[in-house]
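# Survey of secondary and tertiary structure
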Amino acid sequence: MRLSDIFTLNNASLARLVLYSALFCFSFFIFVGVAIVKSEANGSCPLFLNYRYSPVSLCNYPMVIAIIFQLWYSLVRLVYLVLFKLGKLPNPFPTHFNLIEFICLCVDAGSLILTFIAAIILSAGYNTTCSNHNKICDDLRWAHAARVAQAGAWISTILWIVLITMCAITLWRAGVMPWMIKNPASSSAPTNQQVPTNHQVPQISTLAADTYQPTAMPGKTFETTTDNPYEPDF
């Protein structure tokens, strides 16, 4: 099987079901892990700890991103794709369906950027806290939960990259990107055809004048003569 045969619309739909399901599952790794970290720190954020706790927003950011884009958004996409595959949703017009897919592709790209930032915050904050206190991070009560959250964030980042790349290639190969769709109104509009100005009038040939030829009648005979009947007698 060729590589181009993989990026079909059917395979892309099945792959998106798997990837969105994985993103939905790994969202729990992030926000549950960060929630445990905050709980062990008495509601504070121990990331980037340097003799005092960091703002709580540093810990809340990965949780919010995971809940909005990986938990709820992935769940909505899963329901939509499952219903569409089962034929429960009506088949929309191609331009509308492609526009929805393109918007979702843009949302996926935004989710990738935000999840990548969350992964950097979790990893950098954890390592900074360990280096500032010159102690083994395993001795911290929230160390295990922090590592679980980091793993979930980085794995989710990789999943977003795979999902975006596959969807972009599939839509591009299918020719259903918004800028690749022709306007049906312009294609169906009648073209101005040039009407010839010089009309050729069909030539009707003039028929020769009918000559009177007597027909034979029963009981009568006709004499033929070479004399001109209209010539006067002298």
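Only a predicted model underlies this, so the values are computations on that prediction, with no experimental measurement involved. (Residues numbered from 1 in each chain as written. Predicted model: local features only at pLDDT ≥ 70, side-chain atom pairs only at ≥ 80, totals over all residues. Heavy atoms only, no water.)

## Some details on the overall build of the protein chain
For the protein chain, the count of helices and strands is five helices and zero strands. Tracing the protein chain from N to C terminus, the helices and strands come up as α-α-α-α-α. When contacts within the protein chain are restricted to residue pairs at least 6 apart in sequence, those whose partners lie at least 24 apart make up 79%. Accessible surface, the protein chain: about 16200 Å² in total, of which carbon and sulfur atoms supply 65%. (Helix = DSSP H or I, 4+ residues; strand = E, 2+ residues; numbered from the N terminus. Contact = heavy atoms within 4.5 Å. Areas by Shrake-Rupley, 256 points an atom, 1.4 Å probe, with all protein chains shown as cover.)

## Comments concerning the environment of W154
Its place among the elements puts W154 in helix α4 (residues 143-174). Between the alpha carbons of W154 and A119 there is a distance of 5.8 Å; along the sequence they are 35 residues apart. Look past the residues within four positions of W154 in its chain and what remains in contact with it is F116, A119, I120 and S123.

## Observations concerning the UniProt feature "transmembrane region" (unreviewed entry) in the protein chain
In the numbering used here, UniProt assigns the feature "transmembrane region" (unreviewed entry) to residues 17-37, 58-80, 100-126 and 151-172. A distance of 31 Å separates the end C-alpha atoms of residues 17-37, which is 100% helix and 0% strand. (UniProt positions renumbered as here; feature names shortened; annotations may be inferred.)

## What to know about unusual backbone geometry
Although it is not a glycine, N42 sits at a positive phi angle of roughly 60°. Residue placement: N42 occurs in the loop between α1 (9-40) and α2 (57-85). On the accessibility criterion, N42 (69% relative accessible area) is exposed. Look at F48: it is not a glycine, yet its phi comes out positive at around 55°. If you trace the backbone, F48 turns up in the loop between α1 and α2. For F48, a relative accessible area of 29% gives the class partly exposed. (Buried < 20%, exposed > 50% of the residue type's maximum accessible area, 1.4 Å probe, protein only.)

## Digging into the pattern of salt bridges
If you walk through the whole model with that rule in mind, you get one salt bridge. Taking the shortest distance from any N to any O, the salt bridge between E40 and R141 comes out at 3.8 Å. Here R141 lies in the loop between α3 (94-133) and α4 and E40 lies in helix α1, a separation of 101 residues in the sequence. Residue E40 is classed as partly exposed on the basis of its relative accessible area, which comes to 28%. (Salt bridge = Lys/Arg side-chain N within 4 Å of Asp/Glu carboxyl O.)

## Quick look at the state of the cysteines
Tallied over the full model, the rule gives one disulfide. Put simply, C45 and C59 are joined by a disulfide, and their sulfur atoms are 2.0 Å apart. One disulfide, between C45 and C59, carries an S-S torsion of 80° and so falls in the right-handed class. One end of the pair, C45, is in the loop between α1 and α2; the other, C59, is in helix α2, and 14 residues separate them in sequence. Classification of C45 as buried rests on a relative accessible area of 0%. The thiol of C104 is not disulfide-bonded; the next cysteine sulfur, from C167, is found 9.1 Å away. C104 provides the cysteine sulfur closest to C106, a residue in no disulfide bond, and the two sulfurs are 9.2 Å apart. (Disulfide = S-S within 2.5 Å.)

## Some points on the side chain of D108
Considering the arrangement of structural elements, one finds D108 in helix α3. Although D108 is buried, it makes no salt bridge; R77 carries the closest opposite charge, 5.6 Å away. Once you skip the residues sitting within four places of it in the chain, D108 turns out to touch Y20, Y73, W160, L163 and I164. (Lys, Arg positive; Asp, Glu negative; His and termini not counted.)

## Description of the nonpolar core
In this structure, Y20, L23, W160 and L163 are the most contacted members of the largest nonpolar core, which totals 18 residues. Of all the secondary-structure elements, those providing two or more residues to this core are α1, α2, α3 and α4. At seven residues, α4 tops the list of elements feeding residues into this core. Those residues in contact with L23 that sit more than four places away from it in its chain are Q70, S74, S156, L159, W160 and L163. Counting residues in hydrophobic clusters, the runner-up holds 14 residues, among them C59, M63, A66 and A153. (Core = buried A, V, L, I, M, F, W, Y, C linked by side-chain atoms within 4.5 Å.)

## Description of the side chain of S74
Inspection of the secondary structure assignment puts S74 in helix α2. Polar contacts involving the side chain of S74 include one to the main-chain carbonyl oxygen of F69, which spans 3.4 Å. Here the side chain of S74 touches Q70 through a polar contact of 3.0 Å, landing on its backbone oxygen. (Polar contact = N/O pair within 3.5 Å; in protein donor to acceptor, adjacent residues only side chain to side chain.)

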